[in-house]
Amino acid sequence: MNVKVTWKDAGFNALQFELSKLGMMAARVGILGSEAERTHPLRNDLSVGDVGLMNELGSARAGVPRRSFLLSTLRQKRAEVAKALIVVARSVIFSKVQPTRALAILGRAFVPYVVEKILSGSISPRNAPMTVELKGHGQTLQDTMTLSHSISSDVALNDGSTGINTANEGID
């Protein structure tokens, strides 16, 4: 008796491959690339990335309190991010959207949340009274608007290597 078995994966192997790519990449949002290296307009000794990092994490040595604009936004928008991740995964599975493009869209969708947080001018802790007097206002992270204009996104490999160019992904 001869038995013939035929396997038709109906695209399962290709789908599995595309989903595995999602696990190797990440959407990044922050002060990235050449923008991070640019000299900050008020601090010739620091880059925009340095100033952003100092504010995000705080620096006791520099006398800068922690004023998180990235992690705090992620925590605040956790539900929206979770929904967006489901949409991204489904788009890769059902619409045959390339993982790089799906993650780039996810990153670009998160940028306005971060910018909005910075522009709110109310990231705690508030400025000290002397700082308010020197600046002429009490809005945090808004001396030159450099920080809010420097937020962008890209897609990177999870090993920390340079961002993947998504310019040709048709995401405008």
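What you see is a predicted model; the values in this text were computed from it and never measured. Residue positions are counted from 1 within each chain, in the order its sequence is given. Local features in this predicted model are restricted to residues whose pLDDT is 70 or higher, and side-chain atom pairs enter the listing and the counts only when it is 80 or higher, whereas totals over whole chains, interfaces and linings include all residues. Excluded from the side-chain calculation are hydrogens and water; included are all heavy atoms of the structure.

### Some points on the packing of aromatic side chains
So, step 1. Aromatic pairing here means that ring centres of Phe, Tyr or Trp (its six-membered ring) are within 6.5 Å. Orientation follows from the plane angle: under 30 degrees is stacked, over 60 is edge-to-face, and everything else is tilted. Using the criterion set out here, one finds 1 aromatic pair in the structure.
So, step 2. Here the aromatic rings of Phe110 and Tyr113 are separated by 5.9 Å at their centres, their planes lie at 75°, and the arrangement is edge-to-face. On the criterion of helical spacing, the pair formed by Phe110 and Tyr113 is a turn pair, its members being 3 residues apart in helix H6 (residues 99–119).
So, step 3. When a residue's accessible area, from a 1.4 Å probe over protein chains only, is under 20% of the maximum for its type it is buried; when over 50% it is exposed; and in between it is partly exposed. Residue Phe110 is classed as buried on the basis of its relative accessible area of 12%. Under the DSSP-based scheme used, a helix requires at least four consecutive residues in state H or I and a strand at least two consecutive residues in state E, with every element numbered from the N terminus.

### With respect to a nonpolar patch on the surface
So, step 1. Nonpolar side chains collect at one region of the surface, where Met1, Val3 and Val5 lie side by side and expose about 460 Å² of accessible area between them.
So, step 2. Relative to the helices and strands, Val5 resides in the segment before helix H1 (12–22). Exposure above 30% relative accessible area and no salt bridge define the residues that can form patches, which grow by joining like charges within 9 Å and nonpolar side chains of Val, Leu, Ile, Met, Phe, Trp and Tyr within 5 Å. Under the convention used here, a 1.4 Å probe and the Shrake-Rupley method define accessible areas, while residue burial counts only the protein chains that appear. Throughout this description, the term salt bridge denotes a Lys or Arg side-chain nitrogen within 4 Å of a carboxyl oxygen of Asp or Glu.

### Some points on unusual backbone geometry
So, step 1. A cis amide bond, omega 0°, links Ser124 with the succeeding residue Pro125.
So, step 2. When you line up the elements, Pro125 lands in the loop between H6 and helix H7 (129–135).
So, step 3. Its identity is not glycine, yet Leu141 carries a phi of approximately 60°, on the positive side.
So, step 4. You can see Leu141 is positioned in the loop between H7 and helix H8 (146–149).
So, step 5. Not every positive phi belongs to a glycine, and Met145 is a case in point at roughly 65°.
So, step 6. You can see Met145 is positioned in the loop between H7 and H8.
So, step 7. A relative accessible area of 25% places Met145 in the partly exposed class.

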